[in-house]
Structure formats: C-alpha cells, structure tokens
Amino acid sequence: MRDAIGGLIGRYDQLGRYLDRSAIDSIEKYLDESSLRIQAVELINREAAEIVREASQRLFRDEPELLLPGGNAYTTRRLAACLRDMDYFLRYASYALVAADSTILNERVLNGLDDTYKSLGVPTGPTVRSIILLGEVIVERLQAAGVESARLAVVAAPFDHMARGLAETNVRQR
Ligand SMILES: CCC1=C(C)/C(=C/C2=NC(=C\c3[nH]c(/C=C4\NC(=O)[C@H](C)[C@H]4CC)c(C)c3CCC(=O)O)/C(CCC(=O)O)=C2C)NC1=O
C-alpha cells in the first residue's frame, strides 16, 4: 500500500535527487487537500450504510430489471452480494482518499474483478454505475455541508478510477 508522499519520495530517492520545485508543488497540493480528504473519509465512516443504501436505490430505480427474476441482483443472496460489493468499493475508496493514491484500488479491487464478474454474469455497466453513484452521493453530501464544488474532484477521483478501470478491462476483452 502506497501513499502520495511515500511514492514521491521513493521516486526521488531512486534518482538520488533532492526534491525540486515540481515535487514541492505536489506536496503543497497534497497538504492543501488534506483537510478535505479527512472530511470525506469521516463522512464515509459515519454514513457508510446510508451512502450505500442511497446509491443502490438510485441504481435500482434506473435499472429495476436487476431485481426481477433473471436479473443479477434477484434473490436476497445476490442482492446482499451486490450491496456488499458496493460497500467494498466505498471502503477501498476511503483508503485511496487518505492515501491520495489510487494504486491500492488496482491491487485490491480491480485486479481480476472483471473475470470474476464475467464468470458469475454480474453485469459490468450497472456495476460501473453503482461506483459512480457512490461518488455522487458523497459529493452531494459534502456540497450540502458547504464544500465548494470546484474542490470536489479530489473526492470523486477514486470512484472515477475504479469505474474507468472496470469499464476499460471490459472493453479490452471484448
Ligand atoms: C474487495 C474487493 C472485492 C470485490 C470487489 C469483490 C467482488 C465480488 N462480487 C462477487 C459476487 C457478486 N457481485 C454482485 C454484484 C452485483 N450484481 C448486480 O446486478 C449489480 C449490478 C451488482 C451490485 C452493484 C452479485 C449479485 C454477486 C453474486 C453473484 C452470484 O453469486 O451469482 C464475488 C464472487 C464471490 C462472492 O459472492 O463473494 C466477488 C469476488 N470481492 C472482493 O473481495
């Protein structure tokens, strides 16, 4: 597991170089964003269950056939697996948010996920959508708490990363 500062220092160490202007700029950016990252993670920790519920309700409102016979989230067992997956996405996004580094998402979440989903018939499109909806619900709650919209790309980033990663492996293999 890597974080933004550890990764940056590692790169400069490997080159045997002092931190230059661009390194200092990235560190300053990281520090400027840090209170927002903490605020987002605190929100997630406090409201994880409601965030998953809200995002899943939006998903099933848009795609009600998932819950009907023949749908992948049909039966309580599969619905529970779907909500659990959303909870995984949310928890790992919170780690990536404090780390300011999305590498952990590749290693722990995305690696092999597409194959698992294919073998179980879990549809990629709606799963990608569930990830984006989780990010949207959090962004809306932070906006409601008074955070400027322009600063919220940082919070959406890990969700975008997972959504893109899952959508891309899917496109590549088709
Ligand atoms: C921490 C990293 C991690 C992830 C991400 C993960 C995902 C994951 N989701 C699974 C199943 C599943 N995932 C879903 C998800 C959905 N079905 C839908 O229609 C919706 C679109 C969607 C929810 C948004 C479902 C329904 C299953 C059960 C499929 C089945 O057993 O038939 C499985 C198969 C094994 C199991 O059921 O536990 C894995 C490994 N496991 C992990 O360890």
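Residues numbered from 1 in each chain as written. Predicted model: local features only at pLDDT ≥ 70, side-chain atom pairs only at ≥ 80, totals over all residues. Heavy atoms only, no water.

Engineer: So what's going on with the UniProt feature "modified residue: N4-methylasparagine" (unreviewed entry) in the chain? Which residues, and what values?
Structural biologist: Per the UniProt record, the feature "modified residue: N4-methylasparagine" (unreviewed entry) sits at Asn72. The contacts of Asn72, once residues within four sequence positions are left out, are Leu66, Arg78, Leu120, Gly121, Val122 and Pro123. (UniProt positions renumbered as here; feature names shortened; annotations may be inferred. Contact = heavy atoms within 4.5 Å.)

Engineer: Report on the packing of helix H3 (residues 76-99) against helix H6 (residues 124-144), specifying residues and quantitative values.
Structural biologist: When two helices pack together, their arrangement is given by the angle between their axes and by how far apart the axes lie. At a minimum axis distance of 10 Å, the contact between H3 and H6 shows a crossing angle of 50 degrees. With respect to each other, H3 and H6 are oriented oblique. The chirality of how H3 crosses H6 is right-handed. Side by side, H3 and H6 meet where Met86, Phe89 and Leu90 of the first sit next to Thr127, Ser130, Ile131, Leu134 and Ile138 of the second. Each residue belonging to the contact of H3 with H6 can be placed in one class, and the counts come to six nonpolar, two polar and no charged. (Axes fitted to C-alpha atoms, helices over the stretch in contact; angles between N-to-C directions. Helix = DSSP H or I, 4+ residues; strand = E, 2+ residues; numbered from the N terminus. Parallel < 35°, antiparallel > 145°, perpendicular 65-115°, else oblique. Left-handed = near helix turned anticlockwise from the far one by under 90°. Nonpolar A, V, L, I, M, F, W, Y, C, P; charged D, E, K, R; others polar.)

Engineer: Outline helix H1 (residues 4-15), listing residues and values.
Structural biologist: Taking 1.5 Å per residue as the helical rise, H1 with its twelve residues ought to reach 16 Å, and the 17 Å between its terminal C-alpha atoms agrees with that figure. Of all the positions in H1, only Gly7, Leu8 and Tyr12 are classed as buried. Angular distribution of buried residues about the axis of H1 spans 130 degrees; they occupy a single face of the element. Facing away from the buried surface of H1 by more than 90 degrees, the exposed residues are Asp13 and Gln14. For H1, the secondary structure elements touched by its buried residues are helix H2 (21-62). Put simply, Asp3 is the residue that caps the front of H1, since its side-chain oxygen is 3.0 Å from the backbone nitrogen of Ile5. (Expected span 1.5 Å × (residues − 1). Buried < 20%, exposed > 50% of the residue type's maximum accessible area, 1.4 Å probe, protein only. Arc of directions from axis to C-beta. Polar contact = N/O pair within 3.5 Å; in protein donor to acceptor, adjacent residues only side chain to side chain.)

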